[in-house]
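Below are the chains, spelled out letter by letter.
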Amino acid sequence: MRRILLVFTALSAPVWAQQAIPDTIVTGTRVPVAMERVPAATSIITRADIEDFGYRTLADALATVPGVRVVPQGGPGALTSGFFRGTNSRHVQVLIDGIAANDPSDPNNAFNFGSLMLAGVERIEVLRGPASALYGSSAIGGVVNIVTRRAPADKQAEVFGSVAGGNQNTFRADGGVSGTVGDFDYLAMGQSLSTSGYNITPQRMQPHRPERDGYRGVASSMRLGWNPLPNTRIEGTLRFQQSNFGLDGFLSDDPNYSAEERRWAGQIRGETRLFDAWTTGLRVGVSNDRRRYANQADNFSSATAYDLYRGNRNVVDWGNQVRLPDLGGWGGDGALGFGYNYVHETSNSASGSAPYRSSVNASQDSHAGFVNLQYRVLQRLDLSAGGRVDNTAGFGGAATYRLGAVYELPEYRARLRSALGTGFAAPSLFQRYGITGSGFRGNPNLLPERSSSWEVGGDMDIPAFGQPRFLTATATYFQSWFRNLINANGSFTSYVNVERANIQGVELGLTARVSPYVELRGAYTWTLALDSATHSRLLRRPENLWSLSGRITPIPRLTIAPEILFVGRSPDYVYDNLGQFSQATQVKGGTTANLVVSYRVQERISVFMEARNLGNIRYEPTSGYVIPGTTILFGTRFTL
């Protein structure tokens, strides 16, 4: 991950981005600012990172981000949860080009981090900590904004693509064309990935019937932009993805269990700059999620299933940025952001088998307004403040805020950061209106889940051996409190706001630029996530996470990118070899090693080798599911 961050592009960001201002980012305040002045813990994964480290899915890319724990529950494509700073997976807001991508038909309104393929992604921006003051519901633990590929501004036509194949009958390909012609720019591309996969049910489970969980996915995207006037842009995007993959029954192989997931999303947006100081933009977006899971009786099991989840979201988003005048010698670089957001969500779903079949057929509307302000005081202190009010039909308003400060110490090459904020997560449509069997009903009177958080940290550049930034060290301490968490009531007849939790942790990072040819990075996260009532640790939140990675260029054109990931023990429901509850309360951790070697044959043609899980470690990130074994691909990448 680069140290240069670009976080949470606002509606007007493409206008600013065309200026190509170096070392400038768009922060959680939605206003461009130098990277040293960001008041939040942020990370960015670039297109170069995706290629150099061989990331195939969003889950792969997020595994090295401090404070993030990714938990797959199956093979490629299967449900994968993302726990940001110990929060629930539903407490992360995922955006694709600024439009929310969390599935409205999911019972928890969560996002599946294991499904998104990355060939069409330009960068992934990650903010850790509460951001509901800007992005509304679900942005409690953090926000992930996925920015898709853009057309080059200096070419009328550019053809790009890659092809790779390897063991487990794995085949991956992508390709497209893009360019700029006059005032218009365009991009069209497609990608595919298929593999026979591995058996994800642990070999220790009895009876054991080896059966691979394969995957086949395709995706396509299009973008068309028009710049009719200076500082004015109109743009449309369309994206589609379909995945088919194998599933297993609970703690057992099932050769007939399969899944099909489809998602398409599109948006039209326009933005313009007025009076040199005010940039305004309007975005209209739609998305549709459809997930189907089917199972037929076979010789091993009489279980059958036909589950269908359908979710839709319509979005209208109006955003503004206004540059403010300097305040003499006291303050400068002031900016004001404000806007309005409307969301209409629907869920039409049915799952499970009689007599406990679940269903929901409901919709809801949300309106929100936000405002944020930032100023630089006395050339050293950057202050920012933001607030937002969301109003969802049925439970009224939810007000949130975020305050941030960065104090620069140039004489020590250091910066100190602090932030304070609140977040909320609205109940999902299933939690409010879902039905299970004859005895369980959703609760339309549920309140939003709430959080209050603060963090303090800093970073320092340490010179050595003639390099001003030989080492860069970062550290952040955070603490969060949660209330009104949603769970089933004691009689399991409905949902109630009953639970509380508190979470604290430390995120550490170190980058060593040993030479112009060697860069090494390490990250460590310590997290303590507790139930406030019982003081027991929350499930699937390990106390310790480590990651080590690097880029090594021993000779020109050759790049070696190793990566090592360590996950510590974590609390979980643990099952023994016969599928019964065990007396154990934690699953063991595990270490995986990945390696990518690439060689640039010509200026625009490279060959590469990607190896994931080199040691073929089959540990269980959650009890009853092992990670896939070793996968090795050989391929080529080109741009013409």
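Residues numbered from 1 in each chain as written. Predicted model: local features only at pLDDT ≥ 70, side-chain atom pairs only at ≥ 80, totals over all residues. Heavy atoms only, no water.

**Side note on the overall build of the protein chain**
Spelled out, the test is: Elements are defined by DSSP. Helices are runs of H or I of four residues or more, strands are runs of E of two residues or more, and each kind is numbered from the N terminus. The globule rule is 2.2 Å times the number of residues to the power 0.38, and the radius of gyration it is compared with is taken over C-alpha atoms. The buried label applies to any residue whose accessible area, calculated with a 1.4 Å probe on protein chains only, is under 20% of its type's maximum; exposed applies above 50%, and partly exposed to all values in between. The contact definition used throughout considers only heavy atoms, calling two residues in contact when any of these lie within 4.5 Å. Counting rule applied: Lys, Arg positive; Asp, Glu negative; His and chain ends not counted. Note that the charge is assigned to NZ on lysines, CZ on arginines, CG on aspartates and CD on glutamates.
Check the secondary structure of the protein chain and you find five helices and 35 strands. For the protein chain, whose C-alpha radius of gyration is 24 Å, the value lies close to the compact-globule estimate of 26 Å for 640 residues. In terms of overall dimensions, the protein chain has C-alpha extents of about 75 × 60 × 45 Å along its principal axes. Of all 640 residues assigned to the protein chain, the portion counted as buried reaches 56%. The contacts of the protein chain with a sequence gap of at least 6 include a subset with a gap of at least 24, amounting to 63%. A distance of 1 Å separates the average location of the 61 positive side-chain charges in the protein chain from that of its 53 negative side-chain charges.

**Overview of the pairing of strand 26 (residues 467-488)**
This is how it is decided: Whether two strands pair depends on DSSP finding at least two bridges between them.
Pairing geometry for strand 25 (residues 449-464) and strand 26, over 14 bridges, is antiparallel. Its bridge partner lying in strand 26, Met 460 is registered against Ala 473. Remark: two residues form the turn of the hairpin made by strand 25 and strand 26, two consecutive strands paired antiparallel; Phe 465 in that turn has positive phi of roughly 55 degrees. Remark: six residues form the turn of the hairpin made by strand 26 and strand 27 (residues 495-515), two consecutive strands paired antiparallel; Phe 492 in that turn has positive phi of roughly 50 degrees.

**Considerations on the packing of aromatic side chains**
Just so we agree on the cut-off: To pair, rings of Phe, Tyr and Trp, with the six-membered ring standing in for Trp, must have centres within 6.5 Å; the planes then decide the type, stacked if under 30 degrees apart, edge-to-face if over 60, and tilted in the middle. For a Lys NZ or an Arg CZ to count as sitting over a ring, it must be within 6 Å of the ring centre and within 35 degrees of the ring normal.
As enumerated under the stated definition, the model contains 15 aromatic pairs in all. Here Tyr 293 and Tyr 309 contribute two aromatic rings whose centre-to-centre distance is 6.0 Å and whose plane-to-plane angle is 70 degrees, an arrangement assigned as edge-to-face. Of this pair, Tyr 293 sits in strand 16 (residues 278-295) while Tyr 309 is found in strand 17 (residues 305-324), placing the two residues 16 residues apart along the sequence. An identical accessibility class is assigned to Tyr 293 and Tyr 309; each is buried. Taken together through their ring pairs, the aromatic side chains of Phe 430, Phe 440, Phe 492 and Tyr 495 make up a single cluster. Here Arg 149 stacks its cationic end above the ring of Phe 160, 4.0 Å away from the centre of that ring. Between the NZ or CZ atom of Arg 291 and the centre of the ring of Tyr 309, over which it lies, the distance is 4.3 Å.

**Some remarks on the nonpolar core**
How we decide: By nonpolar core is meant a set of buried Ala, Val, Leu, Ile, Met, Phe, Trp, Tyr and Cys residues that side-chain atoms within 4.5 Å join together.
Core analysis: the biggest nonpolar cluster contains 26 residues, and Leu 58, Leu 62 and Ile 124 have the highest contact counts within it. Counting 12 residues, the second largest nonpolar core, distinct from the first, contains Ala 78, Leu 247, Ala 259 and Ala 305.

**Side note on the pairing of strand 6 (residues 92-96)**
For strand 6, a buried count of five out of five residues is recorded, marking the element as mostly surrounded by other parts of the structure. Because side chains alternate across strand 6, one face comprises the buried residues Val 92, Val 94 and Ile 96, and the other comprises Gln 93 and Leu 95, equally buried. As paired strands, strand 6 and strand 9 (residues 142-148) are joined by five bridges and run parallel to one another. Residue pairing across strands places Ile 96 opposite Ile 146, the latter belonging to strand 9. Pairing analysis gives two bridges linking strand 6 to strand 7 (residues 99-100), with the strands arranged antiparallel. Considered in strand 7, the bridge of Ile 96 is made with Ile 99.

**A look at the environment of Glu 563**
The condition is simple: Counting of polar contacts relies on pairs of N or O atoms within 3.5 Å, with two restrictions inside protein: one atom must be capable of donating a hydrogen and the other of accepting it, and residues adjacent in sequence are counted only when both atoms are side-chain atoms.
By the element assignment, Glu 563 lies in strand 30 (residues 558-567). Among the polar contacts listed, one links the side chain of Glu 563 to the side chain of Tyr 55, at a separation of 2.6 Å.

**Digging into a nonpolar patch on the surface**
Threshold: Residues forming no salt bridge and having over 30% relative accessible area are the ones grouped into patches, like charges within 9 Å of each other and nonpolar side chains (Val, Leu, Ile, Met, Phe, Trp, Tyr) within 5 Å. Areas reported here follow the Shrake-Rupley algorithm with a probe of radius 1.4 Å; residue values treat only the protein chains shown as occluding. Salt-bridge detection follows one rule: a side-chain nitrogen of Lys or Arg within 4 Å of a carboxyl oxygen of Asp or Glu.
A surface patch of nonpolar side chains, amounting to about 490 Å² of accessible area, comprises Val 218, Met 222, Leu 238, Phe 240, Trp 264 and Val 286. Those elements giving two or more residues to the nonpolar patch turn out to be strand 13 (215-229) and strand 14 (232-246).

**Focus on the environment of Ser 162**
Its place among the elements puts Ser 162 in strand 10 (residues 158-166). Given a relative accessible area of 5%, Ser 162 falls into the buried group. For the pair Ser 162 and Ser 606, spaced 444 residues apart in sequence, the C-alpha separation works out to 9.3 Å. Beyond its immediate chain neighbours, meaning those up to four positions away, Ser 162 contacts Arg 172, Ala 173, Asp 174, Thr 636, Arg 637 and Phe 638. Here the side chain of Ser 162 touches Asp 174 through a polar contact of 2.4 Å, side chain to side chain.

**With respect to the pattern of salt bridges**
Scanning the entire structure with this criterion turns up 37 salt bridges. Between Glu 260 and Arg 262 there is a salt bridge whose closest N-O contact spans 3.4 Å. The buried category is assigned to Glu 260, whose relative accessible area is 10%. What makes Arg 262 partly exposed here is its relative accessible area of 35%. Close ionic contact of Glu 260 with Arg 290 constitutes a salt bridge, the shortest N to O distance being 3.4 Å. Of this pair, Glu 260 sits in strand 15 (residues 258-274) while Arg 290 sits in strand 16, and the two are 30 residues apart along the sequence.

**Things to note about the side chain of Ser 89**
Locating Ser 89 in the fold gives a position in the loop between strand 5 (80-84) and strand 6. A relative accessible area of 10% places Ser 89 in the buried class. In terms of polar contacts, Ser 89 uses its side chain to reach the backbone amide nitrogen of Gly 82, at 3.1 Å. With residues up to four places along the chain from it excluded, the contact list for Ser 89 reads Ser 81, Gly 82, Phe 83, Ala 110, Phe 111 and Phe 113.

**Observations concerning the sheet that holds strand 3 (residues 41-46)**
Sheets are built from strands paired through backbone hydrogen bonds, the pairs being either parallel or antiparallel. With respect to topology, five strands assemble into an open sheet ordered 3-8-9-6-7, the strand pairing being mixed. If you trace the sheet from one side to the other, it starts and ends with strand 3 and strand 7, each paired once. Direction of pairing for strand 8 (residues 121-128) relative to strand 9: antiparallel, over a ladder of seven bridges. From the neighbouring strand, Arg 128 faces strand 9, where its bridge partner is Gly 142.

**Quick notes on unusual backbone geometry**
The omega torsion across Gln 206 and Pro 207 is -5 degrees, close enough to zero to call that bond cis. Structurally, the position occupied by Pro 207 is in the loop between strand 12 (184-195) and strand 13. Its identity as a non-glycine residue notwithstanding, Arg 413 has a phi of 55 degrees, on the positive side. Among the secondary structure elements, Arg 413 is positioned in the loop between strand 21 (396-409) and strand 22 (414-425). Taking the relative accessible area as the measure of exposure, Arg 413 reaches 40% and is therefore partly exposed. Of note in the backbone geometry, Arg 540 takes a positive phi value of approximately 65 degrees without being a glycine. Checked against the element boundaries, Arg 540 lands in the loop between strand 28 (518-531) and strand 29 (544-552). Since its relative accessible area comes to 22%, Arg 540 is described here as partly exposed.

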